[in-house]
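Given next are the chains, with one letter for each unit.
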Amino acid sequence: MVRRFVAVVVLLGLVAGGVALRLGYDDWRTDRTQEGLQQELSLGTAPRPVVRKDVPVPVASRSAYKKPFAELRIPRFGEDWEWAVVEGTDAPALELGPGHYPGTPMPGEEGNAAIAAHRAGHGDPFIDFDLLRRGDPVEITQGDTTWVYRIVREPWMVAADAHHVLDPLPGRKLTLTTCWPKYGSSKRLIAVAELDDVRVDDRVSAAPVASP
Amino acid sequence: MYNNGAAGGGTLAVTGMGASIWFDAMWMFLAGFAILAALMAVGRIMPRRHG
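This one's a predicted model, so the numbers in the text were calculated from it and none came from an experiment. (Residues numbered from 1 in each chain as written. Chains lettered and ligands numbered in written order. Predicted model: local features only at pLDDT ≥ 70, side-chain atom pairs only at ≥ 80, totals over all residues. Heavy atoms only, no water.)

A.B. asks: Even after reading the chapter, I still don't get helix 1 (residues 2-41) of chain A, so can you show me in this structure?
C.D. replies: Spanning 40 residues, helix 1 of chain A covers 58 Å between terminal C-alpha atoms, matching the ideal 58 Å at 1.5 Å per step. Of the positions making up helix 1 of chain A, those classed as buried are Ala7, Leu11, Val15, Gly18, Val19, Asp26, Thr30, Gln34, Leu37 and Leu41 of chain A. (Helix = DSSP H or I, 4+ residues; strand = E, 2+ residues; numbered from the N terminus. Expected span 1.5 Å × (residues − 1). Buried < 20%, exposed > 50% of the residue type's maximum accessible area, 1.4 Å probe, protein only.)

Written as structure tokens, this is what we have:
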């Protein structure tokens, strides 16, 4: 009887240890990947914003699938919270970091740009998603340009197939999506932000472009 | 309507660990069971060989 109990305890320990190792490895791999993606964004080959005379706001350039195009900062999640955003929202893309929904507008563009990120796992980028409050800034930087969005609709829950949240919206909006509950994926949490300001850093514009 | 390129455009991006963690737990349970069974088998055989 005692041996059976010990066997069950050892077995559960092996499973828990294995899962913990797997999660730790996923986080470590995402951290390493993010370092590489952020370096990639500092190279001369990184996408640069498009400025058009007939459009009042610069628009971020798109990158290839799984390639980074901008840095995302949400101070509510921490002063040093900063992630490179890649193009794509399928599993391989989101393993790298937050992903931009293909087919939705880019930051700065009119309509509803949309970004998804893991709530838990792969570095937990959106673990504190439910803490977002109206007025919180969401900053997206590409090259010398930073688009400052502000939350206009606090997180709310929808069904996993509530695809309508990606539909076009008036103005320049940004929709953020993640999973609910924290360690599951049966539903989604959504928050909407609106473009509030665009900052252009002249120091970055004037700096010589690093060679790749 | 936009197509998000994931899951045929029918669902929003899957950003939880839900499905994968249960899959991991299942195969780790099977692996753990196999390791434990092997250790217990060795534990039973070895004393006989030395005895």
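A.B. asks: Mind showing me how you'd approach the packing of aromatic side chains here?
C.D. replies: One pair of aromatic rings is described through two measures. These are the centre distance and the angle between the planes. Residues and elements named next belong to chain A. Under the criterion given, the structure shown has six aromatic pairs over all chains. These aromatic residues form a ring-pair network of at least three members: Phe77, Trp81, Trp83, Phe126 and Phe129. The ring of Trp156 carries the charged tip of Arg153 above its face, separated from the ring centre by 3.6 Å. (Phe/Tyr/Trp six-rings, centres within 6.5 Å; stacked < 30°, edge-to-face > 60°. Lys NZ or Arg CZ within 6 Å of the ring centre and 35° of its normal.)

A.B. asks: How should the side chain of Gln34 of chain A be read in this particular structure?
C.D. replies: Residue and element names in this part refer to chain A. Position of Gln34 relative to the elements: it lies in helix 1. Among the residues examined, Gln34 registers a relative accessible area of 6% and is labelled buried. Polar side-chain contacts of Gln34 include one of 2.8 Å to the backbone oxygen of Leu96. Discounting residues that sit within four places of it in the chain, Gln34 has contacts with Trp83, Ala84, Leu96, Gly97 and Pro98. (Polar contact = N/O pair within 3.5 Å; in protein donor to acceptor, adjacent residues only side chain to side chain. Contact = heavy atoms within 4.5 Å.)

A.B. asks: Honestly, the pairing of strand 4 (residues 111-116) of chain A in this entry has me stumped. Any pointers?
C.D. replies: Moving residue by residue along a regular strand, the side chains alternate between the two faces of the sheet. Residue and element names in this part refer to chain A. For strand 4, a buried count of six out of six residues is recorded, marking the element as mostly surrounded by other parts of the structure. As paired strands, strand 3 (residues 99-100) and strand 4 are joined by two bridges and run antiparallel to one another. Residue Gly99 lies in a different strand from strand 4, and its bridge partner there is Ala116. Pairing analysis gives six bridges linking strand 4 to strand 7 (residues 172-180), with the strands arranged parallel. (Pairing = 2+ DSSP bridges.)

Coordinates in, geometry out; function isn't part of it.
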